[in-house]
Every structure is written in structure tokens, then in C-alpha cells.
Amino acid sequence: MLEVRNLSKSFGGLKAVTDATLDVAEGSIVGLLGPNGAGKTTCFTMIAGFTKPDEGSVRFKGQDITGLAPHRICALGMIRTFQIVQPFAGLTVQENIAVGAYLHHHNRHEAMSVARDVGKRLGMGGMLDRPASSLTIAGRKRLELARALATGAKLLLLDEVMAGLIPSEISEIVGIIRQIRDEGHTFLMIEHVMQAVMSLAETAYVLNQGKMIAHGPPRELVRDPSVVEAYLGHGAATRLQEAHHA
Amino acid sequence: MKSQSIGQIALAAAAVAYLIGVYFASSPVWMGFTINALVIAVIAMSWNITGGFGGLSSFGHAALFGTGAYASAVLQVNYGVSAWIGFAAGILAGAAMGAFIGALAFRYGLRGSYFALVTLAFAEVLRICASSFAFTGGGSGLQLKLAPGLANLQFADRTVVYTALLVVVAAVMALTALIKYSRFGAYLIAVRENEDAARALGIDTYRIKVQAMAISGAFGGLAGVLYLQLWLFIDSTVVYGSGISIEALIGPIIGGAGTVWGPLLGTLGLHLLGEGAKHLLPNAPGLNFVLYAVVLICALRFLPQGLVGLAGKIGASKKKKESGDA
Amino acid sequence: MSSLIIPAVLSGLMMGAVYALVALGLTLIYGVLHIINFAHGSLLMLALYAAYFLWYHLGIDPYLAIPIVLPVFFALGYALQRGLIAPMSSGSEQNVLLITLAVSMIVDNLALYFWTSNTRTADIAYAYDTVEVLGAFLPLGRVIAFCAALAVAPLLWCFMAYTRTGSAIRAVAIEKRGAELVGIDVNHTYAVCFGIGTACVALAACLLLPTFYITPQVGYTFVLVAFTTVVLGGMGSLPGALIAGLLLGVIESLCGLFLGESLGQIGIFLAFILILLFKPSGLLGRAR
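About the criteria used
- Residues numbered from 1 in each chain as written.
- Chains lettered and ligands numbered in written order.
- Predicted model: local features only at pLDDT ≥ 70, side-chain atom pairs only at ≥ 80, totals over all residues.
- Helix = DSSP H or I, 4+ residues; strand = E, 2+ residues; numbered from the N terminus.
- Rg over C-alpha atoms; globule rule 2.2 N^0.38 Å.
- Pairing = 2+ DSSP bridges.
- Contact = placed C-beta atoms within 7 Å.
- Nonpolar A, V, L, I, M, F, W, Y, C, P; charged D, E, K, R; others polar.
- Core = buried A, V, L, I, M, F, W, Y, C linked by C-beta atoms within 7 Å.
- Buried ≥ 20, exposed ≤ 12 C-beta atoms within 10 Å, placed from the backbone.
- Axes fitted to C-alpha atoms, helices over the stretch in contact; angles between N-to-C directions.
- Parallel < 35°, antiparallel > 145°, perpendicular 65-115°, else oblique.
- Bend = angle between axes of the 7 residues up to and from the residue.
- pLDDT = per-residue confidence, 0-100.
- Expected span 1.5 Å × (residues − 1).
- Left-handed = near helix turned anticlockwise from the far one by under 90°.

### Observations concerning the overall build of chain B
Now for step 1: Each helix and strand counted, chain B has 14 helices and two strands in total.
Now for step 2: At 19 Å, chain B has a C-alpha radius of gyration in line with the 20 Å of a compact globule built from 326 residues.
Now for step 3: With respect to the principal axes defined by its C-alpha atoms, chain B has extents near 55 × 50 × 35 Å.

Below, the structure written as C-alpha cells:
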């Protein structure tokens, strides 16, 4: 569904992403892992059209979308969410979701009813009339998901939806994501919470210092020495191995 | 679905009661003064579209007001076009000027203070142009021929003028409400709150902002044309002047930016205050602006949502909504 | 034609130096507080009246009034920032802009009330003595203003670079929280900076008075020019403001020469719009 080929981007002299390649098959949940500053969010911004890549291409449903404006990409059915979630203050929860729904439903009545449905599906039925600014972090994360879903997008790029949540909230979101996937959506998600990635993603890519260093099933990746070193530092893999044997 | 608080309903009712009361006022002064306030309320409503809903604070809305007034006046005076066509042309010219300024400013991503300054500069450029060219009457301005009658959009009877203005104001408010509860309005608010999130949700933010400027321009041009038909005379220092730009933004901010009633309430309130001050200190031109400024500072500090927001806290209904939703 | 152009350029440079001086204060305030001070022109007007009344009532020469007006306006600027702008704005950029707008409305209209809209000039005998430069005859007052502006810009720069207060101001400008953590009183530093900016305006007023007129609206004439200067020079850049001020003076003078007196300022505003649109980082500013 999504084919990213040899994406590169540098800011000034700093190479943020070099030669990143990844594939997301329809109906899958793919993780994008990596330590802080590895270039994950930069990758997302390029895929979603917020910044133009220096090199490389992005294809979505077989169509070249490299360098297309974000709103055009969204209209094609791919949407990104943000790590720092900011609901539109001054609007209710339902109106917030409707902003997404307006993409394909120009009439307010229709958009609002789509918003209500989406909200209910994500367990927000009780807070639809509340001001969005009154939501907790967990509520905001859900709202971000709901807004994205309401656009009718089929591929969702989630930027750390679990960050800042407590374990019980994480398992709720994990359940919701699984449910949405079963309804026919595809996910590419940046995630730090390994437990969530392990239980959700079939495949994951690991980005370190702007380069893809590994990909495969998450359970194998955590045993990959290069991945361990990327997270824990040079030599960590051997030390872990030794500690394990001792 | 929209649950307004008792306070907000009371505030709106008070404004309506005042506007009706003017018909029965003992002194014609009230009507004359309210007529002026209503014209200003329309430019305030124009500012409210971009500044209130879109979060794009313009400091040069006189550019739109003046363009509407001059477009109509030039057509009527120089080309003998009918007042009705001039009226429509003024609105269109305002919209075109709004779209032009918006297209330029947003093309280069100007926002915040930069946008405020560039709009101000546009108003100044237009002011200097209008005071320099012959076809705009240069420094002496343009004067319409006095010829009362419906065909010329001039009315000898103040009551007729006042009623017509009330209809126009009601229409602009109705349009504002339509915008607020439409797809476009939701998009505009989304742009104000978080432009990146808006883009991610499929909103062409550039287009939305330029459209907002065009609509604001149409309202602004309308206000300018109303001014022209009322006074039958315009000159560049007034219609392109900073006073208009200031009044355009101060009413909505005090009344409640991004609300339907805010611009009207703010403008009426300020003008009543200014008028009161004029009676206490008769020979003090500009004193009203001093008062406006003091009220503005206090409002910024103590009434972040303006009068409508304040009223929203009084007797708010149980289904508590974000304040400022009137 | 060249016989007209050289004097026009020179007289533009003289006026430009005053623009630069007004803009120095504005750019300093912008660079440090990230505030666009809309009241800057009104403060200039106020300083002009202060210098005028010192001359009119007490016979103090405007140049000798500098040591009196400067500290008073420093204090005024300090108080304005600390007592009004900071507490009332709740930290929002738009609110700051609106509050300074409100201040300018108050100051301008009170001036109109107390001093009427009459145009006043200080008749200082030697101000219009002419100095011949490259075949052009320039008023002495303007030449003095030009030299003073050229001297003040590097002085201000040295102050920022080498003094303790200057270092504190630069630290606050770059990283407010960090400066706070190492014990710099941020609110005080902000206010000092605002005070210095206002003092620049006071100096400009004293230099301007001998060869300029005063009305309550005079500030508005300058405020947009000063904004243009600041933006053209690169928001926050002191050398940029100096160069931009001189440049704009010349632009205005040449536009006046070729398009007629009334269109002189249009060149400035067009330049302003073009810069804001195409190079908002200005001549010497860092890219945003």
C-alpha cells in the first residue's frame, strides 16, 4: 500500500534521514522504531508531505505522491497524527472530529453524524459535547485518532500515540487500534512503548542516525545486536550476552 | 444543539432592545449616533472573520473599507454609474483587495505580527495612492451628488437609513453565523488553532485563509460603501486611515472575537461609552479613542473571550460549553 | 539630472540617519523581547514635545536637553514595560502588539487634547545654517543628527557586546529560561532593554527637533518607517537597522524627487511590503 524508497533529507549539514526504504502492506500494522533523534518523525513528515525529501520517492496505492501537499495526500487516503496532540480549542469533541469528516462530507449535518459515529466507535460517546480543551491526555490521543479516522483515510501514520499514557490506557488504545485495523485500516506507527509494538506490529523497521538498520518481526528485532546497540550504546549487545550467560 | 448561557442571551437581548429602543428615543441624536456605530460594526464583523475565526489579526482593515468606498465613489462620480452598481462594485472590490492581500501575505507564510504589519502597510500605500491620484480626487476626496431616492441609495429620512442599516447588519450577522456553523467555518477555526494539524486533516490552509480574506474583504467593502452612501463624501485620511483599522479590531476583541454577536456588542458598547464621554467632556476630540484603548487593555487582561465570553459564565447551562460560543 | 540626484541622495542620507536612530530602539526591543512596539512612534512624539517645551519654556537648547530627556525616557520605557506591558499581556504576542497599540492611542489622543493639533517648530537660529557637502547645501541640524546617529549605533553595539548589562540582555534574548537559571532577573532585564530602546527614541527626538515640525500625529509618520527599517535591516540586528535606515532615507528622497513630494513615502511602504513578502529575514537578519 505504501512504498517508500531511498528517502533522504538533510537540514543544513545535518543528515536527518539517509536512504530510508520501507513498505507497508494493506491491512498490516508496521512499526517504526529507533532511539530519540533517529529521524523517525522526519521520515513521517516527508511521507505525509509536510517536508519535501531531498531524494527518494513515496508511492501510495501505486501512485507517486512524493512532494505532494499534505492536504492532497490526506484526500488520497493517508493521514498522519502528531506526537504532541493539540485539539482545536473552541470546538467541542464532536466538532473536532467533524473537521476531519468535512473532507468528504461537505454538509455540516452529515459531517457531524459521521463524527458522532466515529466518536462512539472509539469509546468517546459520552464526551462528544464537551469542549475539546477539557480532555485528558488519553482523551486527546483518542480524539487525534478519531479526527484522523473521520477523514476516511485508510492508512494512518501514528506518531507516538502511546507516549504519556499509563499502562491501562495503553492497553485500551492497543485494543482500539486492533479494532480499527480489523475494520480494514492500515497503520504505520512510530512507537517507543516496546510492549505495544510487540503486541501490535507484524513488522517493524528500526531507524538509527537516519539510516534503516534492520527490519523484521519485532520479536526478532529485539534480539538483533545492531538494534540493541542503537538503543543502549556501543558494546551493549555483548555485555548483555555476557550478563545473560553469567 | 448550541446551548447558549442565560447571560449570553440576556446580552444579545439587551442589544436588540437598545436597537429597537432607538426608534422611540426622544432625541434624534441617538439614531444618528447609532447609525455611525452600525457602519463601524460592519467593518468590525469583517475583521471578525479573519481575526476572530481565523486568528489572522489584521492591523489594516481600512485597506478593505477604503477600497469599497473608493470603488463605488469613483464609479459614481467619474463614470456616472448608478449607486446600486457602485454598491455591488464596492463589495466586489473589497473582496478582490482582501483576496489580493491574503494571497500575497499567505503565499509567503506571513503570520502573527508580520501579517499585522503587512496589512497596515497596504492600508498606508492605498491611503497615499488615493490622496495622490486625480481620479480618486487627490487630497480633497470625492463627493457624491446629493440626490435622495431609492435609485441613488440616498435617503432623506433618518429612520429609513437606520432601518436599512439594521437589515444589512442582521444580514451580515446571519452570514457570519452561517460561516461559523459550516465546513468553511470549522476549517477556519482549525487553521486558527493549529495549522499543521489542519493540513494533516486534508485542509488546504492557504486556500482557506485567502477565502477568509476575500469574505472579510466583501464585508469590509460593504462597510465602506455604507459609509459613502451615508456621508456622500470620502477622503483618504478617513476611509484608509488608521482610525478605521483600529475600530475594526477593537470592537470584536472587546465584544468577543470569533463569535457572531461579539463585533456588534463590542462596537455598540464602545460607542456608547465614547458618546457618554463626549457629553462629560464636550471639547475633547479623540477622547473616545483614549477610552477605547483603556477598555482594550483591560479586556485583554481580564476578558480574554470578550463580553460574550464573560456573559457565557453567567447562568451557563448544565451542558457546559466552551465560553465564547454565541 | 545628476545635479539633482546627489543632493537628493545626501539629504536622504541625513533623514535616513534619524530613521536609523528611531529604528535602533525598536530593533533592540524586538531582538530581545520579541515585541513589536507599536507605541514607538508615540514615544518619539512625546520626546519631541518634551524637548520642545524645555526649549520653549526654559530656553534649553535641544542638544543640551539630551542629558535631561534621555534618562527620563529611559525611566518611562522601563516603567511601561514593567508596569503595563508585561503584566497585562499574559505573555501572548498578539496581546503585546495590541497593548502597545492601545498605549499609542492613549498617548496620541491625550497629546491631541492637551497640545492641540497645531504644528509647532522650534526656531533655533543655527539649525538651518548650511553646510556644503559635495556641492549640496545641507542644514546643519540634519548633519549633526547624521553624525550622532552614526556614532550612537556602534556605541550601542559596544554596550551590548562588552558590558555586564549588555551580556545579560543578550543572554535573555537567546535563552530566557537559561538566563533565569543562572540568576539573571529577566523581568528587570526586559524592562532595561525597553528603557534603552525608549532612550534611543528620546535621543532621536532631540536631534530631530531643530529641523522638524511637531504635531501629535508625527509619531505615526515615523512608526511605519521605523518598522520598515527594522524589517529591512533584519529583525533585531543593530548594524542592519543603521544600514536600512540610511537606505530608506535615500529611497524616500529619490521617490520624492521622481514621483513628487506626496508620493515620497510610498517608496518606503512598497519596500516594506516587498521585504515582508520576499525576504522577511531582512538584509542582515537570520532566517526565521
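This is not the end of the story, as more comes after the structure.
### Things to note about the overall build of chain A
Now for step 1: Looking only at helices and strands, one finds 10 helices and 10 strands in chain A.
Now for step 2: For chain A, the C-alpha radius of gyration of 19 Å lies close to 18 Å, the compact-globule estimate for 246 residues.
Now for step 3: Summarising its shape, the C-alpha atoms of chain A cover approximately 60 × 40 × 30 Å along the three principal directions.

### Quick look at the sheet that holds strand β4 (residues 55-60) of chain A
Now for step 1: The strand order across the open sheet formed by four strands is β2-β1-β4-β5 (chain A), and the pairing between neighbours is antiparallel. Where the open sheet ends on each side, the last strands, each with one partner, are β2 (14-24) and β5 (63-64) of chain A.

### Focus: the interface of chain A and chain B
Note on interface size: it is often stated as the accessible area lost on association of the parts.
Now for step 1: Taken together, the contact pairs 28 residues of chain A with 22 residues of chain B.
Now for step 2: Among the elements of the structure, α2 (70-76), β6 (78-80), α3 (93-101) and α4 (108-121) of chain A are those that each provide at least two residues to the side of chain A that touches chain B.
Now for step 3: A breakdown of the residues in the side of chain A that touches chain B according to their chemical character gives 15 nonpolar, eight polar and five charged.

### Describing the nonpolar core
Now for step 1: Grouped together as the largest cluster of nonpolar side chains are 295 residues, with contacts concentrated most on Val42(B), Leu296(B), Ala47(C), Leu48(C), Ala51(C) and Ala205(C).
Now for step 2: The leading source of residues in this core is helix α1 (residues 2-33) of chain C, at 18 residues.
Now for step 3: Ala51(C) has contacts with Pro62(C), Ala65(C), Val69(C), Ala205(C), Cys206(C) and Leu209(C), leaving out every residue within four places of it along the chain.

### Overview of unusual backbone geometry
Residue and element names in this part refer to chain A.
Now for step 1: The phi torsion at Glu 160 lies on the positive side, around 50 degrees, for a residue other than glycine.
Now for step 2: Along the chain, Glu 160 turns up in the loop between β7 (155-159) and α6 (167-182).
Now for step 3: Of note in this structure, Gln 209 is not a glycine but carries a positive phi near 45 degrees.
Now for step 4: By the secondary structure assignment, Gln 209 is in the loop between β9 (203-208) and β10 (211-216).

### Things to note about the interface of chain B and chain C
Now for step 1: Across the boundary between the two partners, chain B contributes 33 residues, which contact 31 residues of chain C.
Now for step 2: Those elements giving two or more residues to the side of chain B that touches chain C turn out to be α5 (112-132), α11 (242-255) and α13 (287-302) of chain B.
Now for step 3: At 14 residues, α5(B) tops the list of elements feeding residues into the side of chain B that touches chain C.
Now for step 4: Looking at the side of chain B that touches chain C residue by residue, the classes come out as 24 nonpolar, seven polar and two charged.

### Notes on the pairing of strand β1 (residues 2-11) of chain A
Residue and element names in this part refer to chain A.
Now for step 1: Two elements, β1 and β2, share seven bridges in a ladder whose sense is antiparallel. Opposite Glu 3, over in β2, you have Asp 23 as the bridge partner.
Now for step 2: Linking β1 to β2, which pair antiparallel, is a turn of two residues; within it Gly 12 sits at a positive phi near 60 degrees.

### With respect to the environment of Gln83(A)
Residue and element names in this part refer to chain A.
Now for step 1: Within the element layout of this structure, Gln 83 appears in the loop between β6 and α3.
Now for step 2: For the pair Gln 83 and Gly 210, spaced 127 residues apart in sequence, the C-alpha separation works out to 19 Å.
Now for step 3: With residues near it in sequence (within four places) discarded, Gln 83 still touches Thr 41, Asp 159, Glu 160 and Ala 163.

### Here we look at the packing of helix α1 (residues 6-21) of chain B against helix α14 (residues 306-313) of chain B
Two packed helices can be described by the angle between their axes and the distance between those axes.
Residues and elements named next belong to chain B.
Now for step 1: Two elements in contact, α1 and α14, have axes whose closest approach is 6 Å; the angle formed by their N-to-C orientations is 135 degrees. Judged on the interaxial angle alone, α14 and α1 are oblique. Residues Gly 7, Gln 8, Ala 10 and Leu 11 of α1 form the contact with α14, whose own contacting residues are Leu 307, Val 308, Ala 311, Gly 312 and Lys 313.
Now for step 2: Looking at side-chain class alone, the contact of α1 with α14 contains five nonpolar, three polar and one charged residues.

### Topic: the pairing of β10(A)
Residue and element names in this part refer to chain A.
Now for step 1: Here β9 pairs with β10 via five bridges, running antiparallel. Paired with Asn 208 across the bridge in β10 is Lys 211.
Now for step 2: Linking β9 to β10, which pair antiparallel, is a turn of two residues; within it Gln 209 sits at a positive phi near 45 degrees.

### Description of helix α3 (residues 66-89) of chain C
Residues and elements named next belong to chain C.
Now for step 1: Of all bends in α3, the biggest is about 35 degrees, found at Gln 81.
Now for step 2: By the burial criterion, the buried members of α3 are Val 69, Phe 73, Leu 76, Gly 77, Tyr 78, Leu 80, Gln 81, Ile 85, Ala 86 and Ser 89.
Now for step 3: Taken together, the buried residues of α3 touch α2 (40-58), α4 (93-115) and α8 (186-208).
Now for step 4: Just past α3, the residue Ser 90 takes up positive phi, approximately 50 degrees.

### Examining the confidence of the model for chain A
Now for step 1: Per-residue pLDDT for chain A averages 89, and the proportion of residues at 70 or more is 99%.
Now for step 2: Element-level mean pLDDT values for chain A span from 71 in helix α10 (residues 236-245) of chain A up to 95 in α3(A).

### Quick word on the sheet that holds β9(A)
Hydrogen bonds along the backbone pair up the strands of a sheet, which may run parallel or antiparallel.
All names here are of chain A.
Now for step 1: Strand order in the open sheet formed by six strands is β6-β7-β8-β3-β9-β10, and the pairing between neighbours is mixed. Edge strands, defined here as strands with exactly one partner in the open sheet, are β6 and β10. Strand-to-strand twist in this sheet, taken as the mean axis angle between neighbours without regard to direction, amounts to 15 degrees.
Now for step 2: When strand β3 (residues 29-33) meets strand β8 (residues 186-190), the two strands line up parallel, connected through four bridges. Opposite Leu 32, over in β8, you have Ile 190 as the bridge partner.

### What to know about the confidence of the model for chain B
All names here are of chain B.
Now for step 1: Per-residue confidence for chain B gives a mean pLDDT of 90, with 95% of residues at or over 70.
Now for step 2: Per-element averaging of pLDDT across chain B places α14 at the bottom with 86 and helix α9 (residues 205-231) at the top with 97.
Now for step 3: Segment residues 317-326: pLDDT under 50, and 32 contacts once partners within four positions in sequence are set aside and those in other chains are kept.
Now for step 4: Here the predicted complex scores 0.89 on pTM and 0.88 on ipTM.

### Let's talk about the arrangement of the chains
Now for step 1: Contacts between protein chains span two pairs of chains, and they are most numerous for chains B and C.
Now for step 2: Taking C-alpha atoms only, the smallest gap left between chain A and chain C, which are not in contact, amounts to 12 Å.

### Overview of helix α5 (residues 140-162) of chain C
Now for step 1: Here α5(C) spans 33 Å end to end across 23 residues, near enough to the 33 Å set by a 1.5 Å rise per residue.
Now for step 2: Within α5(C) the residues assigned to the buried category are Gly141(C), Arg142(C), Ala145(C), Phe146(C), Ala149(C), Ala153(C), Leu156(C) and Met160(C).

### Considerations on the packing of α11(B) against α13(B)
Residues and elements named next belong to chain B.
Now for step 1: Closest axis-to-axis distance for the α11/α13 pair is 10 Å, and the angle between their directions is 40 degrees. What the angle tells us is that α11 and α13 run oblique. In this structure, α11 meets α13 at a crossing whose hand is left-handed. When α11 is examined against α13, the residues Ile 250, Ile 253 and Ile 254 are found in contact with a partner set consisting of Tyr 292, Val 295, Leu 296 and Ala 299.
Now for step 2: Looking at the contact of α11 with α13, its residues break down into seven nonpolar, no polar and no charged.

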